[in-house]
Structures are given as structure tokens and as C-alpha cells.
Amino acid sequence: MPNDMSDVILMALQDVKRENKDLSQLKLALYWNRIDTASDIMQNISRENLKTVFDDNEMITSALVLDRCDFMDIFLVKGKDMTSYLTKEMLQKLYLEIPSDGVLRTILSKARIITDLGKDETCLENIGKLITHLLGQFYDVHPTYTKSADVASDNPFLHLFLWCVLSNRQEMAKRFWKYGKDQVASALVAYGLLKKMAFVIDNKDLEASLNDNADEFCQLAQTMLTKCKESNEQKTMDMLATRMEDWGNATCRKIAWITENKSFVTHPFFQSVLSKEWMGELSLINRWTGLTIPLCVVPPMQLLIPCLIRFKIDDENEQRQNKASTSPCCSGRSTYCGKIISFYKAPVVKFVGNSMIYVAFLMLFAYTLLSRFGTTLTAFEVALVVCVSILFFDEILQLKSTGPEIYFQDKWTYFDISRVILFVCGFCLFLLEPRVVSPGLGRMTCSFSFISLCLSLIGLFSFHEKIGPQLQMITKMFFDLLSFLAILSVCVITYAIAAYANLYPASRIDGDLVFNLLRIPYWNLYGELNLEVLELKEPDCTFDRFLYENGTLPRCPTTIGTYLVPLLMGIYMMFASILLLNLLIAMFSNSYAKVQAETHLHWCYQRFTLIHECSSRPRMPLPFILISKLFTMVCCCWPCKKCRRSRKDDYEAAPRTDPVNDKKCNSLVLWEKAVANEFMHGIYKGRTAQL
């Protein structure tokens, strides 16, 4: 309808005498998207008429379904209570209003096989399953999404925010993000949801839209972190470490880790927090840490820790007194012992200690593999079995404490599982030699376990700023190589069959034929042409089937094969070695350029993952923590109340942080909300000035 006509109708309604004149005008203005008329009405409306307007839930629902963001702003500013509006039935109705060709319906149909959704794909229970599937098991679905819940929501902005994100209503989602709480966490959750939805959906246009919206929320999270840091740095650190009940008692750090938000992790303040956590109670100005920390880990050098290592408490004392009154070695006994305990609590010390012991374990394995595994069982094999058992026990505790989804999210987990399985199989075969299996089979299987253990050692280099991104490049290139091998295998097999059929016709089909068929074409790719095989003639070879089958003499190539196969080899080498291998190099260069452009991004996330893992590890390295782990398992099974109170998992889903009481949590929520309101007010004020 033209604006002139709508103005005439709305002005005529002002002269009509009816009880709900304001409500009728607002509905028409809402349907026609006339925010100017609605603003005039809401500015001059009486308190009674305002209550009548807010009691009409259909108009609020229409504003949500029609995506009228400005109208929702007016309603919320005027004091609309969304807690009384958003009941379970109303939330169900909002999801039912999503069109059949909308994003959410498509995602539900795609995820049906994975999440085992019911027939009614719009019911709240299935929506809750979908949210859990997209975000991960860390998010405990709110009771509003379960069958048993029949009460109004205590946090309506959260559920309306999720409804907007799932239905891809970006502007409306930002409105409820503003009026809600936990703005940084909510933006991180929206990023994770939108990225997973973009990964599942097949429509390229929708995928691009979802990715753009996800990047916008990621930018909001980074900007909010910057604003919070400028407002109060200590509160910002507490905010990142506070567990939020609305998000499954997860912290902002954990949400960023689960959703793989590399851009947020790269934020300078986030990295500075990680640096402080990485050093623990150790001072950041320690020198020669690459030498002093490994030295202090080795017994009995622990006695020199207060002398060789500088702690944060020493920095504080210097700031208070401008110079140290006593040297670290002359400190009191409590301070001396406390520094040693604080030294082993630092994640960097845990990392160094576990790395040193892991390297020592690999040296033991290599020595045993090279010089042992004989006919009798020795002390070296027994020690190796004990070490692998400790590693297996360690993996079980990690799986128990973190959960299957988070545990298997790490790609190195599969190496950890394979190395234990291969070692167990190899050691069992070794015990059965030579009575049941052939000698050497157990050693061969254990050698594969050793390869897997050494590949896991590569993960220790992920912390290095230069080597860490190179590991990402190797991973990208490996997948490029797998796709390239599909094309290369066609060329190799084609040439191999054609060449062998002309050189040695009427061959016997067996395992040796398959080996010889692929051996020469494969090594041709690396320049090993084996032309002397094509030039063999009697008496250096034979055409007698009996002689070449029993290995007396090699088989002579046919006359036509000696002329045809070199021609085929030339074409094969030109196509495979020149064209395809250079294509592979170009693919590697492309992958290298992509990772190189985001080197800092990948390294920051790898560093965050490593610090996150080391912070949750026990203080003692693996062999010395065995007694503590056994005690933990006994406490898990023992019904004693005292054991239950003292029971603590060796691994946690998030780093250990100082507990934040409820009063401090509420203060942080209000402070974060105030920062978000100031930030959003500045954005809208800037837009208004431009208009």
C-alpha cells in the first residue's frame, strides 16, 4: 500500500471512537511496518491503554514473526514483561510459525538421522535435541524444552535469542542479545550454532548468510571483550572464568574452545590471560625458562626451585619494598615449600614434566624394540607393559571426566587409542611366539605402535609459534594428498596392467603378480625406470614356464613388449610425473598460502588448546600420579562419605579457577549488561546521526 494511503487510513482511525483505538492503530502500523506512527502512538498512550496493548500477546507474536525489530524495541523500552509472555505454549507457537522452507526446518530434516528426532519436527523436545547436537553435550537443555516443564521461562530473552538464531533472524537476535545477559557467552553460542548450521545445510546462499551472521556475532564477542577490558580488567578476567548456569555451567573460555572460535581466542587480552595462566604462580619475567624449568623438574634439583625460579610473589614484594629484603633462598620454610608446590601447579611445568617423561618412555620403547623382544620375557618388557598400562589408565580417566564427545573431538585421541591397541596386540603375539604364530609378528605389530606413539609426540610442538602452524599445513596437505591419490591410482593401475600384459602375457594370478604389477609403475614416479628389465634376453632370462616359476631364471619380456612398453612408459611419465605431480605441488602451495595467511590465528588456538589441557592435568607426571589415580578409583566405588567429600577428578572439562560466589556473579552480570547497553547505544546513536 502506498504511504499516502496508509497515512490517510491511520489518521481516519484517530477520529473513530472505540475502546481499543490505540491497539487497532498499532496493529495496522505493525502490519504496514510504519514505525513512525507506532512511535507517536506509544509516546502519547495512556497507562491503561498501554496495559491493554501489552496484554495482547498476538501483537507481540506478530512483531516477532514478521521480524519487526524496531517495534520490539519500543515494546521493551515501554516495559513489556517478556517473562509473562513467553510460556512453553507460546514458545512452541513461535517455532510452529517458522515457514516450511525456513532454515530451521531444513536443519531439522538434515539432523534427523543423527539426533533421532521424532515425527513432529517442530516440538520443543526435538528443538532441544537439535541445540544440544549443534552446541555439544556441555549445554544442558533448559527444562522449557522438556515434556515435564509447564511453567513460564525464567529467562525469556535467552530462548527468544535462540529462536532468532535458529530461524536466522539476525537483527532480531541482536536485539534480544542486547536485552539479555551474559552477552559475551551468548555471542559465542550464536557463533557456534550458526557455524554448525552452515556446515549442515546444502543451500550455498543460506550457507553464506549463516557464515556472515556467525562472523558478525564473533565480532560482537571480540568488541565486547575489548569494551569490558577497557572498563575493568580484573572483572573481565573473572567474567571469562565464571561458570554460567544458563549455558550448562560452562565458562566463556570453554564455549570458545568447544565452538572452535579461533578469532575470539586470538584477541590480545585473551592471549594475555592465557600467558598468565600458562606460567601459573611463576613470574613472567623469568629468564632462561627453557633451561631452568626442565632442570628443576629432575630430582633432586627441586631443592633449588626457590633459588632458580622467580615467582609472582617476588615481583609483588619488590613493588612494595622497591628492593627485596631477603633472597629467595633465605625465605621461611612455609614460603620455601609453598614455592615448590606452586612450581608444580604451573601448566608450563606440567607440560615440561610430562614431555620429558614421555620422551624417556619412547627411549625405553625404542631400546626394547631394537635389542629385546626375544624368546624370554625380561624386565624391560615388563617395564614397558607397566608404562603402556599407565597410559591406558590415563586415557580412561580423561574419557570419564570430559565425556565421549569432548574426548573424541581431539584428533590426537585416535592416535592414543591406536597405539595402545597395537601394543596390546603385538605383545600378545609376542607371548604366543613361536608356538602359535610365526616369529617376528609381535615385533612388527609393536613397531607400528611405536610409530603411533612417535606421531603423538608431534602434538607437543603445537605450542611453538613457528612449528605449530606448520603442523596445520601438514594436515591440510595430507588431505590434499588423499584426494590426489584417487587420480594418481587410476593412472598407475592403467599403465601397470597395460605394460605387464604386453611384457608377460598369460601370467598366473597370485599375490606375487599383484606385487610385481604395481611395484615398477610406482617407483617410476620417483625416477627409478628399471630399463634393464625390458632389455633382458636369453640366456640371462628364459621363456620356460617351469624355470621362471620356480625362480631359477627371470622371465623374458616379449618382443613386442620391449618396443611398446618404453613408449607407454614415456607417455605415463610425462602425464604422471610432469603433469600430476606438478598439480600436487600447486595444491600444496595453495594450502600453504591459506594457512600462512592465518598463521597467527591457528597458532593462538593451538596454544589455547594446549594450555586448556595442561591446566586441567594433575600436578604430578604420569608414573608418579598412579597412586593418586588408584585412590581416585577406590573413592569412586567406596561408599564412605569422607571419600566422597575428598574425591576429585584428575581431569576437568575446564581449567581450575577460583570459585566465584553468587553475589560476585550477579555483580559481573550487571556490569557486563551495562557495558553491552553502552556499546549498543553507541551503535544506534551513530546510525541515527548518519540518517
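Predicted model only: the values in this text are computed from it and were never measured.

Moving on: the overall build of the protein chain. Per the secondary structure count, the protein chain includes 36 helices and zero strands. Here the protein chain holds 691 residues, and the buried ones make up 44% of them. Considering only residue pairs separated by 6 or more positions, the protein chain has 69% of its internal contacts joining residues 24 or more positions apart. Here the protein chain displays about 37200 Å² of accessible surface, and carbon together with sulfur accounts for 61% of that area.

As enumerated under the stated definition, the model contains one disulfide in all. With a sulfur-sulfur separation of 1.8 Å, C541 is cross-linked through a disulfide to C556. Residues C541 and C556 are joined by a disulfide whose S-S torsion is about 105°; by sign, that bridge is right-handed. With C541 in the loop between α30 (531–534) and α31 (545–549) and C556 in the loop between α31 and α32 (559–597), the pair connects residues that are 15 residues apart, well separated along the chain. With no disulfide of its own, C228 lies 9.2 Å from the sulfur of C252, the closest cysteine sulfur.

The next subject is the nonpolar core. Counting residues in each nonpolar core, the largest one holds 119 residues, and the members touching the most others are M72, Y95, F176, L282 and F343. The leading source of residues in this core is helix α13 (residues 183–200), at eleven residues. If you look at the next biggest cluster of nonpolar residues, it comprises 21 residues, including L488, A499, V565 and Y572.

A word on unusual backbone geometry. Note the cis peptide between E538 and P539, where omega equals 10°. Along the chain, the position of P539 falls in the loop between α30 and α31. Non-glycine residue N33 carries a positive phi angle of around 60°. Note that N33 resides in the loop between α2 (21–31) and α3 (35–44). Phi at N168 is positive, roughly 60°, even though this residue is not glycine. As for its placement among the helices and strands, N168 is situated in the loop between α11 (156–166) and α12 (170–179).

On the surface, F478, F479, L481, L482 and L485 cluster together to form a nonpolar patch covering roughly 450 Å² of accessible area. One can find L481 in helix α28 (residues 467–503).

All right, on to the pattern of salt bridges then. A complete count under the given rule lists 16 salt bridges for this structure. Between R34 and D36 there is a salt bridge, with the nearest N and O atoms lying 3.0 Å from each other. Because the salt bridges share partners, they merge into one network encompassing D70, D73, E171, K174, R175 and E216.

With 82% of its residues at a pLDDT of at least 70, the protein chain reaches an overall mean of 78. Counting interchain partners and residues more than four positions distant, the pLDDT-below-50 stretch residues 113–118 has twelve contacts. In the model, residues 687–691 has pLDDT below 50 throughout and makes two contacts with residues more than four positions away in sequence or in other chains.

For the rest of this paragraph, the subject is the packing of helix α18 (residues 268–279) against helix α23 (residues 347–371). The relative placement of two packed helices is expressed as an angle between their axes plus a distance between the axes. Where α18 meets α23, the axes come as close as 5 Å, and the angle between the chain directions of the two elements is 60°. By the criterion of interaxial angle, the relationship of α18 to α23 is oblique. Contacts between α18 and α23 pair E277, W278 and M279 from the former with P347, V348 and F351 from the latter. Class assignment of the residues belonging to the contact of α18 with α23 gives a composition of five nonpolar, no polar and one charged.

Time to look at the environment of T242. Secondary-structure assignment places T242 in the loop between α15 (233–241) and α16 (252–258). Within the local environment of T242, its side chain forms a polar contact with the backbone oxygen of D238, the two atoms lying 2.4 Å apart.

Definitions and cut-offs
Per chain, the residues get numbers from 1 upward, laid out in the order the sequence is written. Whole-chain, interface and lining totals are the exception, using all residues; otherwise, since this is a predicted model, local features are given only for residues with pLDDT of at least 70 and side-chain atom pairs are given and counted only at 80 or more. By convention in this description, side-chain values take in all heavy atoms of the structure and omit both hydrogens and water. Helix and strand assignments follow DSSP, with helices taken as H or I runs no shorter than four residues and strands as E runs no shorter than two, numbered in order from the N terminus. Working definition: with a 1.4 Å probe on protein chains only, accessible area under 20% of the residue-type maximum means buried, over 50% means exposed, and in between means partly exposed. Note on contacts: a residue pair is in contact if any heavy atoms of the two residues lie within 4.5 Å. Only the protein chains shown count as cover for residues, and the accessible areas themselves come from Shrake-Rupley with a 1.4 Å probe. Throughout, a disulfide means two cysteine sulfur atoms within 2.5 Å of one another. Put simply, buried Ala, Val, Leu, Ile, Met, Phe, Trp, Tyr and Cys residues joined by side-chain atoms within 4.5 Å make one nonpolar core. Like charges within 9 Å and nonpolar side chains (Val, Leu, Ile, Met, Phe, Trp, Tyr) within 5 Å are joined into patches, using only residues over 30% in relative accessible area that form no salt bridge. Think of a salt bridge as a Lys or Arg side-chain nitrogen and an Asp or Glu carboxyl oxygen that are within 4 Å of each other. The pLDDT value expresses, per residue, how confident the predictor is, ranging between 0 and 100. Only the stretch in contact is used when a helix axis is fitted, and all axes are lines through C-alpha atoms; the angle between N-to-C directions ranges over 0 to 180 degrees. For classification purposes, an angle smaller than 35 degrees is called roughly parallel, one larger than 145 roughly antiparallel, one from 65 to 115 roughly perpendicular, and anything else oblique. Each residue receives one of three labels: charged for Asp, Glu, Lys and Arg, nonpolar for Ala, Val, Leu, Ile, Met, Phe, Trp, Tyr, Cys and Pro, and polar for the others, Gly being one of them. We define a polar contact as two N or O atoms separated by no more than 3.5 Å, with the added condition that, inside protein, one atom must be a possible hydrogen donor and the other a possible acceptor, whereas residues neighbouring each other in sequence contribute only through side-chain atom pairs.

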